[in-house]
2 protein chains.
Amino acid sequence: MVSLFSDVSALVPTGPGRFDAEVSLDWTIDAKPNGGYLLAMLARAATSDAPHPHVIAASAHYLHSPDPGAVAITTTVLRAGRSASQLRTQLLQDGRICIEALITTSTLLPDTTPYWDRGLPMPVVPHPQSCVRVPGVSPMGRPVRIMEQVDLRIDPADMGFARGVPSGRGELKGWLTLSHGESFDPISLLYAVDAFPPATFEIAPTGWVPTLELTAYVRALPAAGPVRVLHKAQVIDAEKVDETCFVWDSTGRLVAQSTQLAGVRLG
Amino acid sequence: MVSLFSDVSALVPTGPGRFDAEVSLDWTIDAKPNGGYLLAMLARAATSDAPHPHVIAASAHYLHSPDPGAVAITTTVLRAGRSASQLRTQLLQDGRICIEALITTSTLLPDTTPYWDRGLPMPVVPHPQSCVRVPGVSPMGRPVRIMEQVDLRIDPADMGFARGVPSGRGELKGWLTLSHGESFDPISLLYAVDAFPPATFEIAPTGWVPTLELTAYVRALPAAGPVRVLHKAQVIDAEKVDETCFVWDSTGRLVAQSTQLAGVRLG
């Protein structure tokens, strides 16, 4: 049973700035919901209520990992501006705050082009057919049900971890496609920037790498088709890793990016 | 008159989770306070009240730029955990929210070393004596009083903008020292990650580049001495630029980093 992203991230309005939602068990990694998927739900709430239709910046601090099942989402408009607005959002389960996020919304226009993108060269990635689809089970043998919902493929050069010989580069490149050919939009791009396995897999084996903070920017409306993803670890220190992720659409435009700080046990 | 950073970012407690502060005119760029300086004040408030002494992640959304002068700061503990806590903070002026930020605090231990830092090579920067100190006036002739408070020096190879011939790389490397030899700490590192001029100067001349969102991570307690900074623009699209900044201490350890989304008018 493969679901649409728009269905598993759907909200039911229950009052001004209040929504009910259902976190899908199918969108979990070892029974824990993906953090980008949850942030996408918060952005859906923020753009349902906001004066502007698109999320352009979202910063989430993760307090507790919710279980799959019923959650409540609240939004509070902090400022409604002319070109951008800011909202505070929360995801709660059984009355407990699981995530609080700040979201800036604006209007992204179609038919525009970037002014300058030389600071971030798009990586070369083999054709999706030559990449390796990530299966619904982790290298440590744990269930990763979300990988049965999306088609996530990694450059074979970055798959050393699957054979027990990580490259040591801390970098994963590949492709991501939503189920049933659903196109990406600013909301699902918040999932895309957190979709890849931990880039630390290409350094050393780890267990769960829980996100403490995730900030994502959406830079442009994505063209239809799969997105190209570069996900990399930069520094591991004090049992924390920072990972940065970049997402290009099928025209080669950077459409979203993220940075996250996550817990990791190594060494 | 050169002030201590700890003085211009000092707070006066006025109640549980409430502080008064004074935004210094001396810490402004064309009369607008530096965004990292303001975020440092919020982190000082968060760590005054929190169960943990150090900020490790701070995400700020900027609603209005406050004027120099009196501001109020509020903090709300969202979760007090064993190894980390999360707080919401606000900076208000005349009752209006200027900044809302989420802050995660923890305890950074001395005498530790990074586990892996190969994902982020430290840049080569000429000795501070061979770098160019940024003066208290912008290339556009506007006052930048903050540069009379700190000693900020840029690699001459990245100073094309000052001669009207930007390198086109969108990158600034250099050194930052606080006045009176004050050592950096996790709080002043939040200023350090936003201290450099806009990296867009090395692409094309611009006016004010207002920060919409700034996320900073503090990775380790910094050693004494000046910090080495790499500040770079990645993509300019839809009148927004993302800039990333990395700060290494005098031992060559990455101690802080940031990403920001800012408005920019070009092209």
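All of the points below concern the structure found in this document.

Attention now goes to helix 2 (residues 35–49) of chain A. In an α-helix there are 3.6 residues to a turn, and that puts residues three or four apart on one side. Residues and elements named next belong to chain A. A rise of 1.5 Å per residue sets the reference length of helix 2, with its 15 residues, at 21 Å; its end C-alpha atoms lie 22 Å apart and thus fit the reference within 8%. Burial analysis of helix 2 places 13 of its 15 residues in the buried class, the great majority of the element. Among the residues of helix 2, the N-terminal cap falls to Asn34, whose side-chain oxygen and the backbone nitrogen of Gly36 are separated by 2.8 Å.

Another point: the relation of the copies chain B and chain A. Between chain B and chain A, the superposition needs a rotation of 180 degrees and an axial shift of 0.0 Å, giving an RMSD of 0.0 Å. These values place the two chain copies in the arrangement generated by a two-fold rotation axis. Of every C-alpha in chain B, the one belonging to B:Ser59 sits nearest the axis of rotation, 3.1 Å from it. Comparing interface residues between copies, 100% of those in chain B also lie at the interface in chain A; the contact surface is shared.

Glancing now at the interface of chain B and chain A. With 56 residues of chain B at the contact, the number on the chain A side is 56 residues. Here chain B and chain A share an interface that buries about 4700 Å² over both sides, 58% of which is from carbon and sulfur atoms. Inspection of the region where chain B meets chain A yields 6 salt bridges. As a salt-bridge pair, B:Arg253 and A:Asp237 come within 2.9 Å of each other at their nearest N and O atoms. Seen at the junction of chain B and chain A, the total is 39 residue pairs in polar contact (both at pLDDT 80 or more). For the side of chain B that touches chain A, the secondary structure elements donating two or more residues are strand 5 (54–62), strand 6 (69–80), strand 7 (85–93), strand 8 (96–106), strand 12 (211–218), strand 13 (227–237), strand 14 (240–248) and strand 15 (254–263) of chain B. Within the side of chain B that touches chain A, the residues separate by chemical class into 28 nonpolar, 16 polar and 12 charged.

About the thresholds
Residues numbered from 1 in each chain as written. Chains lettered and ligands numbered in written order. Predicted model: local features only at pLDDT ≥ 70, side-chain atom pairs only at ≥ 80, totals over all residues. Heavy atoms only, no water. Helix = DSSP H or I, 4+ residues; strand = E, 2+ residues; numbered from the N terminus. Expected span 1.5 Å × (residues − 1). Buried < 20%, exposed > 50% of the residue type's maximum accessible area, 1.4 Å probe, protein only. Polar contact = N/O pair within 3.5 Å; in protein donor to acceptor, adjacent residues only side chain to side chain. Least-squares fit on C-alpha atoms with pLDDT ≥ 70 in both. Contact = heavy atoms within 4.5 Å. Buried area = accessible area lost by both parts, 1.4 Å probe. Salt bridge = Lys/Arg side-chain N within 4 Å of Asp/Glu carboxyl O. Nonpolar A, V, L, I, M, F, W, Y, C, P; charged D, E, K, R; others polar.

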